[in-house]
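Read off the chains here:
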Amino acid sequence: MGGKAKQSQRTKNNVRPSSSGRSAELLNNVIKTDNVFGSLSPGKGLTGLFPTMAAGPLDQLASNEYTLAFKKLNKKDPITRTKALHELLELVKNSDIEDVVAALPNWAHFYLMLTIDSERKVREATQACHGAIVSRCGRRAGPHVRRLLPAWLLAQHDEYAPAQTLANNHLHATFPDHKLGDAITFCKSEIMALITDNLTGNAEAILNKKIDDPDERKLQVSRVISSSLRALDMFVSRLAPEHDQWLLEQLQALFSNSFWAIATHESHHVRAAWYTATGRLVERLGGALGAALGPLARALLAPGPARARAAAPRWAALLLLLHRVPDWHVWLKNKDLLVKRLIDTLENGGCGDASLLSNVLLPLLSKLPQELLTKQFYLTFFDAFFTGLQLKTILNSKSERHSWITNLSECLRYLSIQKHDFVIEVVAHVHRTWLEKIFALQDDTTRDHLIKISAHKMAGMVKYWIKQTAESTDDVYDKLIRNFWQNFGVTVVTQIENVPVEDEDISKLIHMHTLLFKALKAKSEPKKSIRFEDDVPNETETTLEAVEYEKNVLDSFEHSLKEFVSKACSAYFEYADKKQMSRSIFPPLLTIINEFESEDLFMGIARSYNTNTLYLFYDKVLRGWLASDTMRCKALAEIVFIISKYFNDEELESMYNSFQHLSPVAVEWCISLSLSYAQRSRGAGERWLRGDVVQQALVALCKRGDDEANRLLLTCLAQDNGGSSIPASTIQAIVSHVSQQLRLAVEGAGGGADGGAGGGADGGAAARRARFGAALAGALAQSPHAPLAHELLLALFLLNLTLLPKEDAEDAEGEGVEGGEGVEGGEGEAGERGAAAGWVSAGRWRELLRAWHGALCALAPPRRAPLLRAAAARVQARLRRSHDALDIPIIEHIVSICPYLVDFDNVTTDNSELIQITKQLLDIDITDSETAVLTYALRKDCVWGKLTCPIDDGDIYMKRVLEMADSNSTADLDASDVVAYVNKVVFRASYLKEIVTKCEELEGSLLDDEFFRLLFIDVLYDSVVVGSLCEVYTFMPFYAVLKQANDYLDCVTQEIIPTISEDNNNHIKNVLTQRSFKTGYYWAFTNAMYERKIAEIAKTEPSVKSDGTVVTEKENAESSGTDKETDKNAESDMSSAPITEVDTLMLDKIVGRNGFFHSLQAKTWSSADILRAQYLGAARCWYLCQRGAEPARSQHFARQVANSLARHCLDPIMDDYYKYDEKMFNDRDYSREPWSVISCHTSLIQLLNTLVDNSAWDLSAHEWDFINIVLCSVLSSLAKAPRLSCTKYASVARAALALLAAAAQFARGVPRESTRRAPPAHVAALPAEWRDIFAPDAFANVLALLLHVLESSPNYKLNVNQVTCLEALVRAAPVLSWELLPRALQRGAGALRRLAALASRALAQDTHHAYMFVAYRVLQLIAKPMVLEDVEKLRQLSERREREGDDDEETISLSLAQFYDALREPLADDRVSLSRTFGFLLQSVAVFSQSLLARGDLVHHYINSLSESGVVSAVLETALRHVPRALLADGAEPPAPSAPSHLALFAAEPALSLLDASAERALGAAACRSVYVCVRGAAGAARAHWSAGGARAAAALRRLVERAVAPLMLDEQLAHLRDHAHELEDADISVVRPSGGGASVICNAHVEERTIELRIELSAAHPLAPPLAQPPALPLAAHSHCVRLYLAYQNGWVVTALKMWMEMLRSRVQASPQCYICYCRLHPSSGKLPNVLCYTCNNRFHSQCLRKWFQTSKKSNCPLCRTVF
């Protein structure tokens, strides 16, 4: 559109400049100059100095690179210029020196322009580049110095510090030392010409015309002027002296109006530079300036903005003018102008910089004419000082205040030495005003600082006057000194008399006077300043040294000061007496008295009360004050004792005797003050301390018990040298009272901690008493009264046992539960709880313990031993108090105190004291409880087959087990025995851990001692015993105690084992191995556990030897190999060949040792180890059972076992079994059999069970026959005489039922396993043999046991034998099959109805949940047979209806109906009915699970029966109360995902195990499963319950279904659809599962070459929200209604519903006639069936087809019969 053509891109190294470069002119555009540099004016050309300023091309001698670089410097953009300068710098550094020299003229052309550039980065780069060029050129730059040096001087004073620094460094590097002055002299004309031109109004002419911004241009002009003035200053100072006349001539051109106008420039930088330059001119030329002095003086005194930066050089120039020009006032029309400016400056605070006055005022005053120095002048002058002092700029700065006061004092001192009549008057006036001003300030910090520095300056001034008094002849200085102290005295006394009676005001005034007096007393110090290491000392700086005065001067000053202080103190005493306010005055006044203490001071005070001696002053004045209620205070007592230093012995004795009339509080003050060494060194004080008054006061202090009283008591005891001051009776009374208080604290804290009535100790008060008691005991321990500390230390120990440290308690007193006031008078729940529980902060508690420990260690060992025995007894008593629970925090608290019983700092090398204390602490006598626990633990392990003990080997615990077994005792562990035992073992473990940790902190290993190694071994043994009890005793109420103890013991051992050195580890292994093989039982398991833990730790941490070296893996492997070799060697006693030649006695000795066989049973770390241990154990028991038989039989059996050991063959046992009938298993009453038979049968059955589990496929036919025979025989014996509570019976029953489960499962799994591998013939025949021969008999016997349990009376309390039998029955019941039972049993005792009734009754009873588990297993057993029975009833009903042709609504009695009565009413949610709730839920799970087994028409009958029974609502209401709360919690939509463990509870059958420690968890699992099967089996009834329920209950049920039930049911539906989708012919199935839940099933059916879609929507709350079937918009839509009904109310499968829909769809289409127009049943486009009927031929046509026929044929006839429609 006629626009401007775009230019091409610029290329690199293009020498053609840009448009801006082409249009830029060189310095020709800057200024035009004359040939003579001294005359610069517009319109004239000058080429002498800057020939390159003329128009013309650049110097052609420069290389192309330099030419290009210089042309870039003309660019307008500062960034471009900066980059060009950096490129030029690199070019200078890297190019040849000749090229640099050739480029020097061009650089001189640009240097001035770049030096004054507006961009500071350009100026910095310019100076860097300039320095590099000059440095490279060296002397060859000489011809260009005249062109470079003027601009170089301007750069010296650039406002940008980096540029200024570079220019300065390069200038002094180029012209070192005096050469710079020579260079300046050489170039003086050029320099002066440039400066003159810049300062006379042409500064703007040299600026770059490219600067368009007015503000920027103005700033650059100011920068040029400032630099020029600074350059003038430097030029004048460096110019040689012989050129002064030349300089004066050049200055004539400079001194123009433009130059004088600079003094009023708006920039203070410019003004400061102007004052500096003119000051330099005055300093050099002085009066030679002539007429220029007039405008100069007027400019210096002209009014202007007050800026500190300009004020300092201004006054400096003015001083130079006064100094260098004696007749300076001649040049001023108004001589008072200087005084006016001076007063203004003072009133303005020195223009913001008080330090500038330091070097101005005194010289200025000395130069003022005498006619100006009048009295009024000085008054105005100092008033201006005080006016300036009020400014914030002075008051807010500490340095400013100091400078201002310093200037004031120097001027006042200067005035004092002047010979004027008014000097004394003015000085006194100024001094009074000075004091008034500093005391009147309101800000405390500012006032205090001003008082200090003012008093210091005043003191220096007075000392100076005192010194001048001796040197002068007149009395002026005496009058000045007298007026000085008079002013002080009047001011201070007036302030005291007029001070308000408020405590704050009095304290504030005394504080000010204290600062004043101290500052007056302080010595002069030299001025301190901070100087860095690399700072250059300033030669012109004057150092103020401390002024040293003669002694007579100092003495005179100090005497006057003391008199002044004495008067002030007297005024305060009088004010206190007058106002009766001693408590507000004397405490702060003590500081002054202590500082200026002297007899003269107190005599001055005494004389003010008309007393001539100090004692009279005390007796007449001070004693009355001490006795007075209004004047009594501790500070007054301190003043009395300070004055008493000047009493004689008689007066001092009288003073102490007068104390008996004082109040108790005053006596306490006197006691505290009398304890000082100065008072006690005099006999009167010592005697008074031993008197009755003091002893009574000490006892009263002890009873009072606050912190102050306790401190005073301790101080008295600490000062009691050798017991001479305090009698033993007094100390006994104190100790008795403190001990009594501590015992009360123990009782209160113990009651609160235990929850007893009346408990509730003040934790803070108890801590305070304990602190005092510990300190008191420590003081007594080192004194002759040490025996009294025993009672006190024992009470303290009890208190430490009782007080509970709390980490988050407040450490500070008065807060939380800590401290006196915070607890006694404080409020808050935390404080009340802390007081009630006896809490104390952990830090304070440890402090008390350390104090107690220190006092204990201070006792001599003989006196310490009884105390330690008593402390150990108290610890044991404290442990025995925990008779009903295990409180590990309490035990750890007790243990944490135990190390403080030992003096670890002085422990002996043999640890004798530590061992003795440990024995005393651990000697807890619980023999009966320990025996009971170990006995029942051993019985449990014998019953569960963990230990095989066929003989009585002398072990006391095994002997008791055999006695209980023979007597068929049903007794079991008692909770009291368990709690007592675990408290002891946990205490022992915790104590060992604490001691080991303590010794590690002291860099020692406690386990190096044999005693503590054995103690650790005992801890390992305890851990094994408690862990064994935890395995089975989960059904007992005390299981939580066992679990807690087991976890703690495990943690202790895990912490200690890694710290054991290799040598100690070997010692422990040796001991455990010896005990394992010698004793057996739990020592074998202890050894195995220790080896396992060592192996686990070795995997993660390297072992360490005692010498600190690390044990390598090879050494570990060798050690492990040695252990294994030991086991094999022991095993060889039974397996090696020499056994064939040993005699029977030797064989009996070998097999009669339990240790080896128990070690084998303990180290069952693999299946091979288990099989070997069980085989040897079974062979041993079988052999021992033959005792009394002929030796040949025993030897033959032993040889066979030895030959079969490697293969674990059963032949030796089977041969002996079939040969001798006394070993038969049938017809035995196991409750009456000897223990050897029980052990033999149990060990053999366990071996058979292990063989079936591990190698059943490889067992021979005769071994399987033997297994089946043994199993059936044992079960038959068990069924005939069921004694579940008997130990012997339980041992055999557990093993036999486990073998039944293993054999039955294997037999059932043979067909499935045979599909993977070929079985032996006897294994292949085993399932049929098992089904036909063994299973009926075995199952019948087990069912007899189940019936026995169901028929037995309910029992809440079970022993371990009963739990063992019931657990075995619950585990074995799932393998039973009701169909395999004998027919007689099925029709008799095992009839379905009878079993169901017994099970239902057991589940409805309030009994132990073990019976409910058995009943539930029975219902599971008969569920399928009962469904088949209902199916048979339906079949018979159907046949009868078909045979009789009767369609009446005859009902049948379904098997589910017998359970409805127990499930119709929901159970209340209370703890009493917990067991009934458990049975209710299990029964509901069984009923609905049975309904899910139905198929076909029985499903509908079950659904209708459940819906009509009303049990669904009851079941859901009851179950919802016990499902996990997280599943019912309200949440945002979509529902949050539930935990996988929660979902598993719904999907799986309840895990029924009596070894589950939590009955609540099992109840929750049953509730979850009940909800699922209820909703799954009766969806319609559940939906009705949901709809009819309340809003909250309905919402909770919906959330539960969405989170746990619906996902499982949808997964089940879709999995079934996936498995049966192939059954849907001519259909495509797709499934969509949204992230929010639910599912969509899309079925595309292909009918008549068309695709018809049906979408089934399953909601996220399926089945509460019924499924939706969305059919196509066709007449066929009506056929989808049945699909919705089927899915919603009949729990149908989706795939079945789709089959129904497709079948109905195809049937409808096939039944429809064909349209003879399109020859289709479904219209190709609309999909509709033929719907238009021809009434003549009765054929139907599609309406669309018929319409098209009419249109194309142009007729309305029927296509077939041609009849008109």
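Residues numbered from 1 in each chain as written. Predicted model: local features only at pLDDT ≥ 70, side-chain atom pairs only at ≥ 80, totals over all residues. Heavy atoms only, no water.

(A) A look at empty space enclosed by the protein. This model, assessed by the stated rule, comprises 15 cavities of 30 Å³ or more. Space inside the largest cavity adds up to approximately 90 Å³. In terms of lining residues, the largest cavity is bounded by Thr115, Ile116, Arg123, Leu154, Ala155, Asp158, Gln220, Arg223, Val224 and Ser227. Elements represented by at least two residues in the lining of the largest cavity include exactly helix 6 (145–155) and helix 10 (214–238). Per element, the largest residue contribution to the lining of the largest cavity is four residues, and it comes from helix 10. Residues belonging to the lining of the largest cavity are distributed by class as follows: four nonpolar, three polar and three charged. (1 Å grid on protein atoms, 1.4 Å probe; cavity = no way out; pocket = protein on both sides within 12 Å on 5 of 7 lines; lining within 4 Å. Points joined across faces, edges and corners; volume = space filled by probe spheres on them. Helix = DSSP H or I, 4+ residues; strand = E, 2+ residues; numbered from the N terminus. Nonpolar A, V, L, I, M, F, W, Y, C, P; charged D, E, K, R; others polar.)

(B) Summary view of the packing of aromatic side chains. Counted under the stated rule, the structure contains 52 aromatic pairs. Look at Phe1011 and Phe1012: their rings are 5.1 Å apart centre to centre, the planes differ by 85 degrees, and that puts the pair in the edge-to-face class. Taken together, Phe377, Tyr378, Phe381, Phe382, Phe385, Trp404 and Phe422 form an aromatic cluster joined through their ring pairs. (Phe/Tyr/Trp six-rings, centres within 6.5 Å; stacked < 30°, edge-to-face > 60°.)

(C) Quick peek at the pairing of strand 3 (residues 1627–1632). Sheet topology places strand 3 next to strand 4 (residues 1639–1647); six bridges connect them, and they run antiparallel. Directly across from Ile1629, in strand 4, lies its bridge partner Cys1643. Between strand 3 and strand 4, which follow one another and run antiparallel, lie six residues, and Gly1637 among them has a positive phi close to 110 degrees. (Pairing = 2+ DSSP bridges.)

(D) Summary view of the side chain of Ser1640. Within the secondary structure layout, Ser1640 lies in strand 4. A relative accessible area of 7% means that Ser1640 is categorised as buried. A distance of 2.5 Å separates polar atoms of two side chains, one belonging to Ser1640 and the other to Glu1657. Those residues in contact with Ser1640, other than ones at most four positions away along the chain, are Ser1630, Val1631, Val1632, Arg1655, Ile1656 and Glu1657. (Buried < 20%, exposed > 50% of the residue type's maximum accessible area, 1.4 Å probe, protein only. Polar contact = N/O pair within 3.5 Å; in protein donor to acceptor, adjacent residues only side chain to side chain. Contact = heavy atoms within 4.5 Å.)

(E) A look at the sheet that holds strand 3. If you trace the four strands from one edge of the open sheet to the other, you get 3-4-5-6, paired in antiparallel fashion. Edge positions in the sheet fall to strand 3 and strand 6 (1668–1670), since each of these pairs with one other strand and no more. Strand-to-strand twist across the sheet, computed as the mean angle between neighbouring axes with direction ignored, equals 15 degrees. Sitting on the sheet, helix 75 (residues 1591–1620) is in contact with strand 3, strand 4 and strand 5 (1650–1658), with an inclination near 25 degrees to strand 4. (Axes fitted to C-alpha atoms, helices over the stretch in contact; angles between N-to-C directions.)

(F) Here's a closer look at the pairing of strand 4. By the criterion of burial, strand 4 is predominantly enclosed, with eight of the nine residues buried. Bridge analysis of strand 4 against strand 5 gives nine bridges, and the strand direction is antiparallel. When the sheet's bridge partners are listed, Ser1640 is paired in strand 5 with Glu1657. If you look at the hairpin formed by strand 4 and strand 5, you'll find two residues sitting between the two strands, and Glu1648 has a positive phi there, around 55 degrees.

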